[in-house]
Amino acid sequence: MANSDSIRVDFICPQNAGRSQMAAAFAERERADRELERVVEVHSSGTRPAESVHDEVVEAMAEVDIDVSDRSPTYVVPEALETSHFVITMGCTVAEFNPEHYGVESREWNLTNPDGEDMETVREVRDEIETRVGALFDEIEEIATGRTESQSLPQRVSDTISDIFK
């Protein structure tokens, strides 16, 4: 089951060199812009990782002032997904992992693989990912706000009781 201390998001694609790297980078930016660094964990991995992030992806992300040139594709670890709240797959499945069994939200983002595509196509994929990540973070922000309110409820109850017995 997902950890209640933070909201974990996992972006997964086969090579972890394009779509999932872009999604993670946009998620990190959203997390910072919305001041959710203490609340949201962002992870990116692949089922068959490439040697490096695709050059066209590095170039397209640089156009929007995000540097992914130093990132390295990594393997997905199905056991780690048990602590995730959102598993977003892009062109692959994690067959050995059953998200529903662990109470994990699983979504399939059917997006073109940018590997080897012309820059216009890569930009279109990048922009679509940015839009979807923004929408995802709208949801995450609501969840985070709800947690903050529910975490403060015991303190509010304690304060109320203290006030009554003063």
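Please refer to the structure higher up on the page.
In this convention, every chain numbers its residues from 1, walking through the sequence in written order. Under the rules for a predicted model, residues below a pLDDT of 70 receive no local features and side-chain atom pairs below 80 are neither given nor counted, while totals for whole chains, interfaces and linings still include all residues. Excluded from the side-chain calculation are hydrogens and water; included are all heavy atoms of the structure.

**Q** Could you clarify how one ought to interpret the nonpolar core in this entry?
**A** Nonpolar side chains in soluble globular proteins tend to end up buried together. Formed by 31 residues in total, the largest nonpolar core has its most connected members in Phe11, Val133 and Ile140. Runs of H or I in DSSP of at least four residues are treated as helices and runs of E of at least two as strands, each being numbered from the N terminus. When residues of this core are traced back to their parent elements, those giving at least two are β1 (7-13), α1 (19-33), β2 (40-46), α2 (55-62), β3 (86-89) and α3 (119-164). Broken down by element, this core gets its largest block of residues, seven residues, from α3. What makes a nonpolar core is a set of buried Ala, Val, Leu, Ile, Met, Phe, Trp, Tyr and Cys residues whose side-chain atoms join them at distances within 4.5 Å. Think of it in three bands: with a 1.4 Å probe and only protein chains considered, a residue is buried below 20% of the maximum accessible area for its type, exposed above 50%, and partly exposed in between. Ranked by size, the runner-up nonpolar core spans six residues in total, among them Leu81, Val87, Cys92 and Val104.

**Q** Explain the side chain of Arg126 here, please?
**A** Secondary-structure assignment places Arg126 in helix α3. Classification of Arg126 by relative accessible area gives buried; the value is 6%. As used in this structure description, the phrase polar contact means that two N or O atoms lie within 3.5 Å; if the pair is within protein, one of them must be able to donate a hydrogen and the other to accept it, and residues adjacent in sequence are counted only when both atoms belong to side chains. Within polar-contact distance, the side chain of Arg126 engages the backbone oxygen of Ala60 at 2.7 Å. In contact with Arg126, not counting residues within four places along its chain, are Met22, Phe26, Ala60, Met61, Glu63 and Val64. By the convention used here, residues are in contact when the closest approach between their heavy atoms is within 4.5 Å.

**Q** Where do I start with the packing of aromatic side chains in this structure?
**A** By convention here, two paired aromatic rings are described through the distance between centres and the angle between planes. Ring pairs are drawn from Phe, Tyr and Trp, using the six-membered ring of Trp, whenever the two centres fall within 6.5 Å, and their geometry is named by plane angle: stacked under 30 degrees, edge-to-face over 60, tilted for the rest. Applying the stated criterion across every chain yields a total of one aromatic pair. Pairing Phe11 with Trp109 gives two aromatic rings, centres 6.0 Å apart and planes at 50°, and the pair type is tilted. Placement of Phe11 in strand β1 and of Trp109 in the loop between β4 (105-108) and α3 is noted, with a sequence separation of 98 residues between them. You'll find Phe11 and Trp109 in the same group, each marked buried.

**Q** Please explain the side chain of Ser6 as it appears in this structure.
**A** Turning to its location among the elements, Ser6 is positioned in the segment before β1. In this structure Ser6 comes out as buried when scored by relative accessible area, which is 8%. At 2.6 Å, the side chain of Ser6 forms a polar contact with the side chain of Glu41.

**Q** Even after reading the chapter, I still don't get the sheet that holds β4, so can you show me in this structure?
**A** Paired through backbone hydrogen bonds, the strands of a sheet run either parallel or antiparallel to each other. Following DSSP output, two strands are said to pair if at least two bridges run between them. Spatially, four strands are ordered β2-β1-β3-β4 in an open sheet, and the strand pairing comes out parallel. Every other strand in the sheet has two partners, leaving β2 and β4 as the edge strands with one partner each. Within the sheet, the average angular offset between the axes of one strand and its neighbour, ignoring direction, is 15°. When β1 meets β2, the two strands line up parallel, connected through seven bridges. Among the inter-strand pairings, Val9 is bridged to a residue of β2, identified as Val42. Think of each axis as a best-fit line through the C-alpha atoms, taken over the contacting stretch in the case of a helix, with angles from 0 to 180 degrees between the N-to-C directions. Relative to β2, α1 is tilted by about 170°, and along the sheet it contacts β1 and β2.

**Q** Got a minute to help me understand the environment of Asp10 in this structure?
**A** Among the secondary structure elements, Asp10 is positioned in strand β1. Each C-alpha atom of the pair Asp10 and Ser45 lies 7.6 Å from the other, and the pair is 35 residues apart in sequence. Residues within four places of Asp10 in sequence aside, it is in contact with His43, Leu81, Ser84, Phe86, Val87 and Ile88. At 2.7 Å, the side chain of Asp10 forms a polar contact with the side chain of Arg8.

None of the figures reported here should be taken as evidence of function without further support.
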